[in-house]
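Residue-level structural notes
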Amino acid sequence: MGTNGSTMLKPLRQGLPPLDPAAVSNAASCALPARYEAVREARQFTRRTLGQWDVGDRFDDICLVVSELVTNALRHAVPGETDCLAPPHAPAVRLHLMRWTGRLVCAVRDPSHETPVPRDSEDFSAESGRGLFLVDSFSDSWGWHPLAGTLSGKVVWALFRLQPAE
């Protein structure tokens, strides 16, 4: 087996790509509940938001990657049996969409400290673990970083290059 498959997917532990926050032309975010219906809510929020922004032919790629990042965050970051420990109504996961002139970043914040790692497909269903491969395939770059200060958890982000409008 060649090495490029596994090395390509080593997620970068790094902050967001060096994009000037002051130069953001659009930004939107939504808090998502710790339920699997949140994936549908995230998709609807993303479709509505991207419909107002010009993202050209990246629309479907971005929607797919948002679904995968939110699914991963819910699967790995939301405690199962220990739900009673979570403060009531605390948003477990937060989705951020930020657009610059030629770039779009989607970032998903979750309360887990675990490094996002692609799982073997035998993990517990063939669906599980494919998410990060899809993120890697459909975005131009992606990575993650732990949150600092009073916020616990991490942010996983994916970056898309946008074609200028015709």
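Throughout, a residue's number is its position along its own chain's written sequence, starting from 1. In view of the model being predicted, local features appear only for residues whose pLDDT reaches at least 70, and side-chain atom pairs are presented and counted only at 80 or more, with totals across whole chains, interfaces and linings using the full set of residues. Note that the side-chain values use all heavy atoms of the structure and ignore hydrogens as well as water.

Tallying secondary structure elements over the protein gives four helices and six strands in all. Listed N to C, the secondary structure of the protein is α-β-β-α-α-β-β-α-β-β in terms of helices and strands. Expressed as a percentage of its 166 residues, the buried residues of the protein come to 40%. The contacts in the protein between residues at least 6 apart in sequence include a share of 69% that link residues at least 24 apart. Accessible surface, the protein: about 9500 Å² in total, of which carbon and sulfur atoms supply 53%. Counting from the N terminus, the helices are the DSSP runs of H or I reaching at least four residues and the strands are the DSSP runs of E reaching at least two. The buried label goes to any residue with under 20% of its type's maximum accessible area, the exposed label to any with over 50%, and the partly exposed label to all in between, with areas taken from a 1.4 Å probe on protein chains only. By definition in these notes, contact holds between two residues if any of their heavy atoms fall within 4.5 Å. To measure how exposed things are, a 1.4 Å probe is used in the Shrake-Rupley method; for residues, cover is taken only from the protein chains shown.

Here we come to the environment of Leu162. Here Leu162 shows up in the segment after strand S6 (154-161). Leu162 sits 106 residues away from Gly56 along the chain, and the two C-alpha atoms are 6.9 Å apart. With sequence-adjacent residues up to four places away left out, Leu162 is seen in contact with Asp54, Val55, Arg58, Arg99, Trp100, Thr101, Gly102, Arg103 and Leu104.

Glancing now at helix H4 (residues 130-138). Listed in full, the buried residues belonging to H4 are Gly131, Leu132, Val135 and Asp136. Buried residues along H4 cover an arc of 135° about the axis, so they all sit on one side. The arc in question is the one traced by the directions running from the helix axis out to the C-beta atoms.

Before going further, it helps to spend a moment on the pattern of salt bridges. One side-chain nitrogen of Lys or Arg within 4 Å of one carboxyl oxygen of Asp or Glu is enough to make a salt bridge. Under the criterion given, the structure shown has six salt bridges. Residue Glu41 pairs with Arg35 through a salt bridge whose shortest N-O separation is 3.6 Å. As a salt-bridge pair, Asp61 and Arg58 come within 3.1 Å of each other at their nearest N and O atoms. With respect to class, Asp61 is no different from Arg58; both count as buried. One salt-bridge network, in which partners are shared between bridges, spans Arg58, Asp61, Asp140 and Arg161.

So, on to helix H2 (residues 37-52). Given a helix with a known number of residues, its expected span is that number minus one, times 1.5 Å. For H2, spanning 16 residues, the distance from its first C-alpha to its last is 23 Å, which sits close to the expected 22 Å at 1.5 Å a residue. Taken residue by residue, H2 has Ala38, Val39, Ala42, Phe45, Thr46, Thr49 and Leu50 as its buried positions. Down the axis, H2 shows its buried residues gathered within 125° of arc, on one side only. The outward face of H2, more than 90 degrees from its buried face, is lined by the exposed residues Arg48, Gly51 and Gln52.

Summing up the model confidence of the protein, the mean pLDDT is 78 and the portion of residues at 70 or higher is 70%. No element of the protein has a lower mean pLDDT than helix H1 (residues 4-8), which averages 39, and none a higher one than H2, which averages 95. The score called pLDDT rates the predictor's confidence residue by residue, from a low of 0 to a high of 100. Throughout residues 1-11 the model reports pLDDT below 50, and contacts reaching past four residues in sequence, or to other chains, amount to 10 contacts.

With that out of the way, let us pick up the pairing of strand S4 (residues 103-110). In terms of residue burial, S4 counts as a mostly covered element, since six of its eight residues are buried. Pairing of strand S3 (residues 93-99) with S4 involves six bridges; the strand directions are antiparallel. Across the sheet, the residue bridging to Arg94 is Arg109, located in S4. Paired strands, in this sense, are two strands between which DSSP finds at least two bridges. Between the antiparallel neighbours S3 and S4 lie three residues. Two strands pair when backbone bridges link them, and S4 and S6 are joined in this way by eight bridges, in the antiparallel orientation.

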